[in-house]
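Understanding the architecture of this molecule
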Amino acid sequence: MKHRFRMTGMALALLAALLVLSLPTKIRAVESGNPPAQGEAAGEGQEEQQDGEGDNGEEMQPSDGMQEQSWPAGPGIEGESGILMEVSTGTILYSKNVHAQYYPASITKILTSLIVIENCGMDEIVTIPHEAVYMDEDKGSHIALDEGEELTVKDCLYGVLLASANDASYALAIHVSGSIEGFAALMNSRAQELGCTDSHFVNPHGLPNEQHLTSAYDMALITREALKHEVFREISGTVFYEIPPSAKQPDQIPLSNHHRMLTSTPYHYEGVFAGKTGYTIVAKNTLVTCAARDGMELICVTMKTEGKQVYVDTAALFDFGFESFKKLDVKENMPSLASVNVHARTEGAQADEPSLQQLHLKVAQDGYAVVPVLTDFADLSLDLYYDTEHAAPGEEALLECSYGGQAVGSALIALAPPLAVPEKTRPEEAQKAVSQVEEEERTEKVERRWEFRWQYAAAGAAAVVVLGVAVFLAGRRMVWRNRWKRRSESFSAYSGFGFSSGYRRRRRRGGWRRRR
């Protein structure tokens, strides 16, 4: 009997637990003090809180401080300046004197190649001018081009990026701008557009000039832009190439890449796919190298380094970058409801103090964040920047991600409806877009509210089974109880004849014969 009581109690306890688990998530969340998940309907008779408001209806304010977050410490390098930058986000993973000005030497040719790629077709014919063959400066490295010789733009670029040919660089500059001075002006203008603040270029090849200066940071920006062009990746990553003979040049021109981390040398580094070397007596060794691993591409720039140490420094920085950081997809990691510092701008100026709001964000274009390996997306601070002049839902806003006060990535976000301009100030087309977005959101909420949840069906079926077992056990208990009751009454009836006790003893022993 006690065993059956315990079985019945366990069955009822299990039934109660399954019933609790089958309750809607929102009810359990409220009981536990946690906020409900996005998309779950509010209870009947309750109004949904507006985005960006706390429980008391007041706008949430940013916290006074953030828990200190550490950034991995990089290796020491012997070069006077160095930087490690992730390509897709521009995140700086390592820096040493990155804004100090140095002579760049031949890494100048990365900017030269970028401007040529942006302004010329690869099949255009370049006629080698007299000045390119008989340069006023020390000619330096060259591929012995002849005056009047004709090459395609692409073949000239192979000469520039593989063999560091100054004569080919000179010829391309004249082809694009008509003069070295004009091309230098184009170089400086393009560098400023890319955000370079430490550079001033006076020639396309990087031969020494006191006014020809740049920084590791600026060279990383220039290289990052050049990597957007597949032809730059293709040419810069080629180990060996031959310029075919032409009518005015019957001989092939063999070209070998000078970058030792690309070729089969003791300094070869797995994953390096592009780069450019540089050297002059005053600049010493300068080096730009690009490497990829596990979907993350890094740019390393080192300046003013002695000899082959330039490759040792670069390898150490790549090891640090690939082992200490990872790349996160913003869209895949964005929570359904994100805490965002909202910055509203009017005519480019900050309109109000930034406010911390809870928003449903939709990523309009792919974006990434590069963070230390032990960091999650939830550890990042999110800042949303938008212009009030273009605040209709569907317009794009910039979402910037930061970690420990350092920018680590960004993404373009479809502007959330709560940030839109009030209805009276919206143009007719913008109002139509607002209505469409709001209708889509209402439909989505209804669908989520009535979405069939299979886990509840499974829990319900299990509860029915347990309830059935409990009922069955209870029924059996009642049946046995009634049987024992009837037998007890029968034994009582025999007790008047004086053999009830003997009968019970023999019944318990399993025998019906009278003991003599």
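Above this text is the structure in question.
To start, this report covers the structure provided alongside it. If you're wondering where the values come from, they're calculated on a predicted model, not measured in any experiment.

A look at a positive patch on the surface
A surface patch of positive charge is lined by R476, R483, R486 and R487. One can find R486 in helix 13 (residues 454–494).

Observations regarding the sheet that holds strand 8 (residues 284–293)
The 5 strands are arranged 2-1-9-8-7 in an open sheet whose pairing can be described as antiparallel. This sheet does not close on itself; its edge strands, each paired only once, are strand 2 (92–96) and strand 7 (272–280). For this sheet, the mean angle separating the axes of adjacent strands, direction not counted, is 5°. One ladder, built from 8 bridges, connects strand 8 with strand 9 (residues 296–305); its direction is antiparallel. Note that in strand 9 the partner of V288 across the bridge is V301. Seen against the sheet, helix 8 (residues 216–226) touches strand 1 (81–86), strand 2, strand 8 and strand 9 and runs at an angle of roughly 35° to strand 1.

A closer look at helix 6 (residues 166–177)
Compared with the 16 Å implied by 1.5 Å per residue over 12 residues, the 17 Å span of helix 6 between its first and last C-alpha is a close match. Those residues of helix 6 not exposed but buried are N166, D167, A168, S169, Y170, A171, L172 and A173. Contact partners of the buried residues in helix 6: helix 3 (109–119), strand 3 (125–127), helix 4 (130–133), helix 5 (153–162) and helix 7 (180–193). Where helix 6 terminates, the next one or two residues include G178, which has phi positive at roughly 90°.

A look at the pattern of salt bridges
Taken as a whole and assessed by the stated rule, the structure comprises 8 salt bridges. With a closest N to O distance of 4.0 Å, K327 and E86 form a salt bridge. Residue K327 is found in strand 10 (residues 325–329), and its partner E86 is found in strand 1; the two are separated by 241 residues along the sequence. Its relative accessible area of 27% is what places K327 among the partly exposed residues. Put simply, E297 and R233 hold a salt bridge, and the shortest N to O gap is 2.8 Å.

So, the environment of G76
With respect to the secondary-structure elements, G76 resides in the loop between helix 2 (25–32) and strand 1. In sequence terms G76 and A316 are 240 residues apart; their C-alpha atoms lie 8.6 Å from each other.

Observations concerning the packing of helix 3 against helix 5
Packed helices, taken two at a time, are described by their axes: the angle between them and the distance between them. Between helix 3 and helix 5, the least distance of the axes is 10 Å, while the angle of their chain directions is 170°. Here helix 3 lies roughly antiparallel to helix 5, going by the angle between them. Contacts between helix 3 and helix 5 involve K109, S113, V116 and I117 from the first element and V153, L157, V160 and L161 from the second. Of the residues contributing to the contact of helix 3 with helix 5, the split by class is 6 nonpolar, 1 polar and 1 charged.

About the cut-offs
- Residues numbered from 1 in each chain as written.
- Predicted model: local features only at pLDDT ≥ 70, side-chain atom pairs only at ≥ 80, totals over all residues.
- Heavy atoms only, no water.
- Patch = residues over 30% accessible without salt bridge, like charges linked within 9 Å, V, L, I, M, F, W, Y side chains within 5 Å.
- Areas by Shrake-Rupley, 256 points an atom, 1.4 Å probe, with all protein chains shown as cover.
- Salt bridge = Lys/Arg side-chain N within 4 Å of Asp/Glu carboxyl O.
- Lys, Arg positive; Asp, Glu negative; His and termini not counted.
- Charge placed at Lys NZ, Arg CZ, Asp CG, Glu CD.
- Helix = DSSP H or I, 4+ residues; strand = E, 2+ residues; numbered from the N terminus.
- Pairing = 2+ DSSP bridges.
- Axes fitted to C-alpha atoms, helices over the stretch in contact; angles between N-to-C directions.
- Contact = heavy atoms within 4.5 Å.
- Expected span 1.5 Å × (residues − 1).
- Buried < 20%, exposed > 50% of the residue type's maximum accessible area, 1.4 Å probe, protein only.
- Parallel < 35°, antiparallel > 145°, perpendicular 65-115°, else oblique.
- Nonpolar A, V, L, I, M, F, W, Y, C, P; charged D, E, K, R; others polar.

By themselves, these are just geometric observations and shouldn't be taken as functional.
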